[in-house]
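# Inside the fold
Here's the letter readout for the chains.
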Amino acid sequence: MFVSETNLEVRYAETDQMGIVYHANYLVWMEIGRTKLIEDLGFRYTEMEEDGILAPVVDIQVSYHKPVKYGQPVKIRTWIEEYNGLRTTYGYEIYTNDRDLAVTGFSKHVCVKKESFKPVSLRKLYPDWHTTYLKAKKDSELEGNQ
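We now turn to the structure provided with this report.

Cut-offs and rules
Residues numbered from 1 in each chain as written. Predicted model: local features only at pLDDT ≥ 70, side-chain atom pairs only at ≥ 80, totals over all residues. Heavy atoms only, no water. Pairing = 2+ DSSP bridges. Helix = DSSP H or I, 4+ residues; strand = E, 2+ residues; numbered from the N terminus. Axes fitted to C-alpha atoms, helices over the stretch in contact; angles between N-to-C directions. Contact = heavy atoms within 4.5 Å. Core = buried A, V, L, I, M, F, W, Y, C linked by side-chain atoms within 4.5 Å. Buried < 20%, exposed > 50% of the residue type's maximum accessible area, 1.4 Å probe, protein only. Salt bridge = Lys/Arg side-chain N within 4 Å of Asp/Glu carboxyl O. Arc of directions from axis to C-beta. Patch = residues over 30% accessible without salt bridge, like charges linked within 9 Å, V, L, I, M, F, W, Y side chains within 5 Å. Areas by Shrake-Rupley, 256 points an atom, 1.4 Å probe, with all protein chains shown as cover. Lys, Arg positive; Asp, Glu negative; His and termini not counted. Charge placed at Lys NZ, Arg CZ, Asp CG, Glu CD. Phe/Tyr/Trp six-rings, centres within 6.5 Å; stacked < 30°, edge-to-face > 60°.

### Regarding the sheet that holds strand β6 (residues 101–110)
- The antiparallel open sheet is built from five strands, whose spatial order is β1-β4-β5-β6-β3. Two strands bound the open sheet, and with one partner strand each, they are β1 (3–9) and β3 (57–64). Along the sheet, successive strands turn relative to each other by an average axial angle of 20 degrees, direction set aside.
- Along the sheet, helix α1 (residues 25–40) makes contact with β1, β3, β4 (73–83), β5 (87–96) and β6, crossing β1 at roughly 135 degrees.

### Some details on the nonpolar core
- Counting residues in hydrophobic clusters, the biggest one holds 19 residues, and the most contacted among them are Ile80, Trp129 and Tyr133.
- Contributing elements (two or more residues each) for this core: α1, β4, β5 and α4 (127–136).
- Once residues within four sequence positions are removed from consideration, tryptophan 129 is found in contact with Ile38, Phe43, Arg44, Tyr45, Met48 and Leu122.
- Within the second largest apolar cluster, eleven residues are counted, among which are Val10, Val21, Val74 and Ile94.

### What about the pattern of salt bridges?
- Taken as a whole and assessed by the stated rule, the structure comprises eight salt bridges.
- We note a salt bridge from arginine 77 to glutamate 93, for which the minimum N-O separation is 3.3 Å. With a gap of 16 residues between them, arginine 77 in strand β4 and glutamate 93 in strand β5 connect regions that are remote in the sequence.
- Of the residues examined, arginine 77 reaches a relative accessible area of 23% and is grouped as partly exposed.
- Here the salt bridges share partners, and the residues they tie into one network are Glu5, Lys75, Arg77 and Glu93.

### Remarks on α4
- Of all the residues in α4, the buried ones are Trp129, His130, Tyr133 and Ala136. Projected down its long axis, α4 shows its buried positions confined to an angular sector of 135 degrees, all on one face.
- Contacts from the buried residues of α4 go to α1, α2 (45–50), β4, β5 and α3 (122–125).

### A few points about a negative patch on the surface
- The grouping of Glu47, Glu49, Glu50 and Asp51 at the surface amounts to a negative patch.
- Inspection of the secondary structure assignment puts glutamate 47 in helix α2.
- Given the relative accessible area of 45%, glutamate 47 is considered partly exposed.

### Comments concerning the pairing of β4
- Relative to β4, β1 runs antiparallel, the two being bridged by seven bridges. By the bridge assignment, threonine 6 is partnered in β4 with isoleucine 76.
- Examined bridge by bridge, β4 and β5 share nine bridges and lie antiparallel to one another. Bridge pairing in β5 places tyrosine 83 opposite threonine 88.
- Here β4 hands over to β5 after three residues, with glycine 85 in that stretch at a positive phi of 95 degrees.

### Overview of the packing of aromatic side chains
- On inspection of all chains with the given rule, the structure shows eight aromatic pairs.
- Centre to centre, the rings of tyrosine 26 and tyrosine 64 are 5.5 Å apart; their planes meet at 55 degrees, and the pair counts as tilted. Of the two residues, tyrosine 26 is situated in helix α1 and tyrosine 64 in strand β3; the sequence distance between them amounts to 38 residues.
- For tyrosine 26, a relative accessible area of 2% translates into the label buried.
- Judged by centre distance (4.8 Å) and plane angle (15 degrees), the ring pair of phenylalanine 43 and tryptophan 129 falls under stacked.

Okay, structure coming up:
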C-alpha cells in the first residue's frame, strides 16, 4: 500500500472561538492530502478536469479523536483504501506534532463526465492511472510487484 504524507501548520483562520481547528477544515485537509497522493503517484487531477472528467465526493466520513490547535504542525497520511475501476475510497489519518492521532476518515469518489455527471470508467479512459491505483491500493494483490 502506498501512503502519501503532507505536512501543514494550523493557521489561525482554521480555528474556532475555542482555538481548536473547526471541524469542516479537516475536509479541506483531506482534499489537500488526496491531491498530494495523486501527484505522488505521477498524475494530476487538473489534467482529468481539462478532459471534462470530475471526481465528486459521493460519501465522506470523519472521526475526531483529539483536538488540534492553532500553530500546531500536523501530518496528513492519505492512501487508496478501495478501488474498483469506477469508485475510489481514499483513507486519511491526521496526526498532531506529538504524533497523536487526531482525525481518521475516508472519502468515496466516482469519476463522471462534467456535462452529464454520468459515471465513467478510469480503467477505460486512463489505463495507466487504473494500473497504478491497483498497485497502490490497500491490500493490493499487485503490491509485491511495485
